[in-house]
Amino acid sequence: MRSRGVRIGATLLAGAATLAGAAGVALHFVGWAVEPLVLAASAAPYLMCGAVLGTAGFAVTRQWVATGAAALVAVIGFATQAPLYIADGADGAGVAITAMQANLLFDGADPSALVEQVRARDVALLTVNELTRPAVDALGRAGLDELLPHRYLAPGQTASGTGIWSRYPLSETVEYDGFVLNQISATAAVPEVGPVSVYAIHPVPPIYDTGVWADELTRLTAIIEHAPTRRPVVVGGDFNATHDHTRFRAMTAGRYADAGAQAGAGRLVTYPTDKRFPPVVGIDHVLLDGAHATGVETVDLPGADHRALVARIVLHREP
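The model shown is predicted, which means the values in this text are computed figures rather than measured ones.

Reading guide: rules and limits
Residues numbered from 1 in each chain as written. Predicted model: local features only at pLDDT ≥ 70, side-chain atom pairs only at ≥ 80, totals over all residues. Heavy atoms only, no water. Pairing = 2+ DSSP bridges. Helix = DSSP H or I, 4+ residues; strand = E, 2+ residues; numbered from the N terminus. Axes fitted to C-alpha atoms, helices over the stretch in contact; angles between N-to-C directions. Contact = heavy atoms within 4.5 Å. Expected span 1.5 Å × (residues − 1). Buried < 20%, exposed > 50% of the residue type's maximum accessible area, 1.4 Å probe, protein only. Polar contact = N/O pair within 3.5 Å; in protein donor to acceptor, adjacent residues only side chain to side chain.

Draft legend 1. Spatial organisation of the sheet that holds strand 11 (residues 291-299). Spatially, 6 strands are ordered 3-4-2-1-12-11 in an open sheet, and the strand pairing comes out mixed. The open sheet terminates on both sides in strands that have one partner only, identified here as strand 3 (150-154) and strand 11. For this sheet, the mean angle separating the axes of adjacent strands, direction not counted, is 15°. Two strands pair when backbone bridges link them, and strand 1 (residues 95-103) and strand 2 (residues 125-129) are joined in this way by 5 bridges, in the parallel orientation. Looking at the pairing, N103 lines up with N129 of strand 2. Packing of helix 5 (residues 111-120) onto the sheet brings it into contact with strand 1, strand 2 and strand 11, and relative to strand 1 it is tilted by some 165°.

Draft legend 2. Expanded view of the sheet that holds strand 10 (residues 284-289). In spatial order, the strands read 5-6-7-8-10-9; together these 6 strands make up an open sheet with mixed pairing. Across the chains shown, the open sheet's two edge strands, defined by having one partner strand only, are strand 5 (170-176) and strand 9 (257-258). Bridge analysis of strand 7 (residues 194-201) against strand 8 (residues 233-238) gives 5 bridges, and the strand direction is parallel. Note that in strand 8 the partner of Y199 across the bridge is V235.

Draft legend 3. Quick peek at helix 8 (residues 210-225). Taking 1.5 Å of rise per residue, the 16 residues of helix 8 would be expected to cover 22 Å, and the 23 Å separating its terminal C-alpha atoms lies within 8% of that figure. Regarding helix 8, the residues found buried are T210, W213, A214, E216, L217, L220, T221, I223 and I224. Here helix 8 starts with a cap whose side-chain oxygen sits 2.9 Å from the backbone nitrogen of G211, and that cap is D209.

Laid out in structure tokens, this is it:
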């Protein structure tokens, strides 16, 4: 009698775990702009792990049909995440530089720590979100303008500000209208490469308004798709979206590649860093066209609520 109760309990737990895994898979593919679903999609990889537990639970109780069903869910879940871990092996010929993306939490991030990361990692292009005027001044005093003397900035109150710092001269600067937060671009003149389009973007988080979040991601996709062809493009930003959001994957379905996935860097979790638990979601990204990432990693940024993202990339020379 007791063994029957144990079997029933194990079956119920395995079933619940498998259903969680199936929910994670569904959230990865469903693109409905409904706030609970959008927020839950950020946790899709964690839910998918339930299918592995479900497979083990059903196997232990020798329920082979259920084991097969749970294993199928686990395999599908694995397939959705595998591209993040497999480097694309593209040709790395070209000019190597390092790009960095940082969210400063208004002026909360330690400016000296950011500048030291730029110096230590030989960063040539820096995109920044949540950039305030006091932060611009503090970064200047910390020496950022000496390392990256060219800049195009659209600072703002609290989260709205955005900026680009560059080792190379910048031209063709644009600020895009119609967004809640500031979205900007510029063209960097990189020696031996030619013009390189650089975008710094920051769509609103879905908790602001899921419909606005979805609309801004769609419009930002259209903006970067209209970047000049036959030249490299670097897009850095806090996208407020993960690999498991269909609208983010739409941005990498055409000419652009996610630098982290391109380098096979895996799940690069960047947010939040100001809680008692470690970061759980990867919402900061660098997208590339006409370039190839050879390595991407996250780095601590004291005082911010995001980890910064550092991408070592190779810019392909203009034909």
